[in-house]
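# Structural description and commentary
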Amino acid sequence: MSNQFTFVNGALIQTQVMQGLTFTLIKYEAPRNVSGSWWSNGLILSWLAPETYPALAEVHILPKDAPTNYLVPRFINTTFEALKYKVLIVNLQRDKAYLVRIRHRSTRAKDPLWSNWNPDLVVPAELEHEPEITSTLELSNGTRKVMLTWKPMPSAAAVTNVTFNVKDTQSSHDCPCRKKKKEHNTEKNSATVYVSYSSVNITVVAKNPASQSPQAVIRLPVASAANLKICNETLLNGKLKKKTCVELYELQDAQLKPKPVMILTARGGKKRREQIKTNMRDYIRYLYFEHRCVNGKPQTVQMCFIYKKEGVPNKEPQEFFVSNLTQNSAQLFWKPIPYEHRHGFLTHYILCVEINSQNEECFNISTSKTSYRLKNLTPDTRYNISLAGVTRTGKGLPATAFFITLSESPVNVWLSFGLLFGFFLFSTMCTIVLKRIRILILPPVPTPVIPDFTSRQPESEQKWERKEEVDELTLLQLLQEGTSVTEKTPIFTEKWSDGSDMENEGSDSEGSSDECESPNSTSHALRKSGMTDIEKMDVELAMLIYRNGLVFDVKGESP
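So, here is what we can say about the structure in this document. (Residues numbered from 1 in each chain as written. Predicted model: local features only at pLDDT ≥ 70, side-chain atom pairs only at ≥ 80, totals over all residues. Heavy atoms only, no water.)

### Overview of the overall build of the chain
Rule in force here: Strands are runs of DSSP state E lasting at least 2 residues, helices are runs of H or I lasting at least 4, and numbering of each runs from the N terminus. Classification of residues uses two cut-offs on accessible area relative to the type maximum, computed with a 1.4 Å probe and protein chains only: under 20% is buried, over 50% is exposed, and between them is partly exposed. To be clear on the numbers: accessible area is Shrake-Rupley with a 1.4 Å probe, and residue cover counts the displayed protein chains and nothing else.
Helices and strands together make up the secondary structure of the chain, namely five helices and 32 strands. Here the chain, with 559 residues, has 33% of them falling under the buried criterion. If you sum the accessible surface of the chain, you get close to 37,100 Å²; carbon and sulfur atoms cover 53% of it.

### Topic: the sheet that holds strand E9 (residues 84–89)
Defined as follows: Paired strands, as defined in this entry, are two strands with at least two bridges between them according to DSSP. Note on method: axes are straight lines fitted to C-alpha atoms, helices fitted across the in-contact stretch only, with angles between N-to-C directions ranging 0 to 180 degrees.
Strand order in the open sheet formed by four strands is E4-E5-E9-E8, and the pairing between neighbours is antiparallel. One side of each edge strand has no neighbouring strand; the edge strands of this open sheet are strand E4 (35–39) and strand E8 (79–81). Neighbour to neighbour, the strand axes of the sheet diverge by 30° on average, direction disregarded. Looking at chain direction, strand E5 (residues 42–48) and E9 are connected through six bridges and run antiparallel. Within E9, the position partnered with Leu48 by the bridge is Lys84.

### A word on the pairing of strand E12 (residues 133–140)
Taken together, the eight bridges between E12 and strand E13 (residues 143–150) define a ladder with antiparallel strand orientation. Note on E13: the bridge partner recorded for Glu138 is Lys145. Following E12, the chain reverses through two residues before pairing antiparallel with E13; Asn141 in that reversal takes a positive phi of roughly 55°.

### Brief notes about the nonpolar core
Stated precisely, the cut-off is as follows: Only buried residues count toward a nonpolar core. Its members are Ala, Val, Leu, Ile, Met, Phe, Trp, Tyr and Cys residues joined through side-chain atoms within 4.5 Å. By definition in these notes, contact holds between two residues if any of their heavy atoms fall within 4.5 Å.
Leu45, Val59 and Ile89 are the most contacted members of the largest nonpolar core, which totals 24 residues. Of all the secondary-structure elements, those providing two or more residues to this core are strand E3 (21–28), E5, strand E6 (55–63), E9, strand E10 (98–106) and strand E11 (121–123). It is E6 that provides the largest number of residues to this core, a total of four residues. Aside from chain neighbours lying at most four places away, what touches Val59 is Leu45, Val72, Pro73, Arg74, Val87, Ile89, Val100, Arg101 and Ile102. Residues Ala125, Leu148, Phe164 and Leu220 belong to the second largest nonpolar core, which totals 21 residues.

### Details of the packing of aromatic side chains
Here is the rule we go by: Centres within 6.5 Å are what make two rings of Phe, Tyr or Trp a pair, Trp counting through its six-membered ring; a difference in plane orientation under 30 degrees is then read as stacked, over 60 as edge-to-face, and the rest as tilted.
According to the stated counting rule, one finds twelve aromatic pairs in the structure shown. An angle of 70° between the planes, with centres 6.3 Å apart, marks the rings of Phe80 and Tyr85 as edge-to-face. Look at Phe80 and you get partly exposed, because its relative accessible area is 28%. Consider the rings of Trp150 and Phe164, whose centres lie 5.0 Å apart with planes at 45°: the pair is tilted.

### As for the sheet that holds strand E25 (residues 330–335)
Read from one edge to the other, the open sheet built from three strands follows the order E24-E25-E28, with strand pairing classed as antiparallel. Each edge of the open sheet is held by one strand with a lone partner, namely strand E24 (318–323) and strand E28 (371–374). Across the sheet, the axes of successive neighbouring strands diverge by a mean angle of 15°, strand direction being ignored. Relative to E28, E25 runs antiparallel, the two sharing four bridges. Looking at E28, one finds that Leu332 is bridged to Tyr372.

### Observations concerning the state of the cysteines
We apply this condition: Note on terminology: disulfide denotes any pair of cysteine sulfur atoms within 2.5 Å.
Applying the stated rule across the entire model yields two disulfides. Between Cys231 and Cys304 runs a disulfide, and the two sulfur atoms are separated by 1.7 Å. Judged by the sign of its S-S torsion, about 105°, the bond between Cys231 and Cys304 is right-handed. Here Cys231 is found in the loop between strand E19 (216–220) and strand E20 (244–251), whereas its partner Cys304 is found in strand E23 (residues 297–307), with 73 residues between them in sequence. Classification of Cys231 by relative accessible area gives buried; the value is 8%. You can call Cys304 buried: its relative accessible area is 3%. Each disulfide pairs two cysteine sulfurs, and for Cys352 the partner residue is Cys362, the sulfurs being separated by 2.1 Å. Here the S-S torsion is close to 110°, and the disulfide linking Cys352 with Cys362 is therefore right-handed. Of this pair, Cys352 sits in strand E26 (residues 346–355) while Cys362 sits in strand E27 (residues 359–365), placing them ten residues apart in sequence. Look at Cys352 and you get buried, because its relative accessible area is 5%. Look at Cys362 and you get partly exposed, because its relative accessible area is 39%.

What follows is the structure, encoded as structure tokens:
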């Protein structure tokens, strides 16, 4: 008996010659490069085929870390595709990881032999959901720094290495406006992407050896689009610098969802520039970006709006109506003109107000406003109003409306008079009450009566001589108790001999003499009364005489 061994493409062929008979035994080597991938109908296992003919495979598959008594062998005929054997395993749970063993044998040999088992293969669970991404954004000198973080993938799907593929429409590791885009792969749960100010989509896809997740998309709109200005019309005529490119986005709605239509680079030359101008449409708004590559990062150096050709709006402001009417005011409301109907840069609105089809007054309104209040109107008057958008080319179609202000109500007039009268009455009452309170708190002080001595000039310069008269002055002494009032004791009786003494004593003696001898004096009144002497004395002592605003206390002198 003789044996002959031949190894062909991973198959060991043994030829035995016994008693003139030849036997051929074929044994494949252990499956190599085994891999598994999840498909919609199950798990597909594939490995290198030792020959171009299908084979029979024995597959042992069970959940990872499960007891071996759950193992159920499966015998499956393989298919041959692209130098590989493939088998489909069904009825598996896609959210679990599996341990796989395979051996195979030929189906053409009469006495085929089973190959050895492949090394244990761990097939991770399927990545059914996209990564849950959180992003933060920083703007710095024309460059946006986007920091991405995401949650770890399920443990069954991450039993083997999970990698994350990050890429964007501008290519985060390359300058913009280049055709060749690079991808960034990482095993971490975070990544940093640098993009320009133009619109960009960033995608993140998780991958394991058996599947890949749906892609998670981060959409970044145009940066700071609200404050954009109008471009210089000569921008597309100049020559671009090296490492500089221009992107033109066609905009047809207010949400600024641009569609990139044209890219111009410094290498494009004049021919490409003229081609772009030809492809641009009239009356369509474009978003112009100029990018540069600075230290390997994209940077936007200029962004603005541009039109190839402008016109006037071919549509009026939408839903123009009047509300909140009163006697002297009205509120106007409207919606902006759609961007595709503006045909140019809308500079302002013009509002015209016509009174009774006679006088018309027009004024400008900012394009940022969608309402306006008319004031100082005349009651019961018809007003015709029109509103139109204005571009740099001219005025567009107007939206028109009319309204009649409310008339004055008689009830309101009487109410106004009533309120006015009530206010007047209330103020008068308050004034009276305040005066009474002031009198109670601060009573008035009597004002002394001061005679008005008016100096009178003599009618002539001739001096008049006045003759002095001498009267007798009798001073009565106050009597002690028990003394009769009728007894008169002269205290001092004297005639003045010269005028000087009279001048010194005249005023006092004159007052005393008049008071004592006058019929209207107090003593005269007491003598005529029927009072006793003591009572008369008490009354005389208590009496105060008020003369010419001065008060004198009558006192007697002791002898």
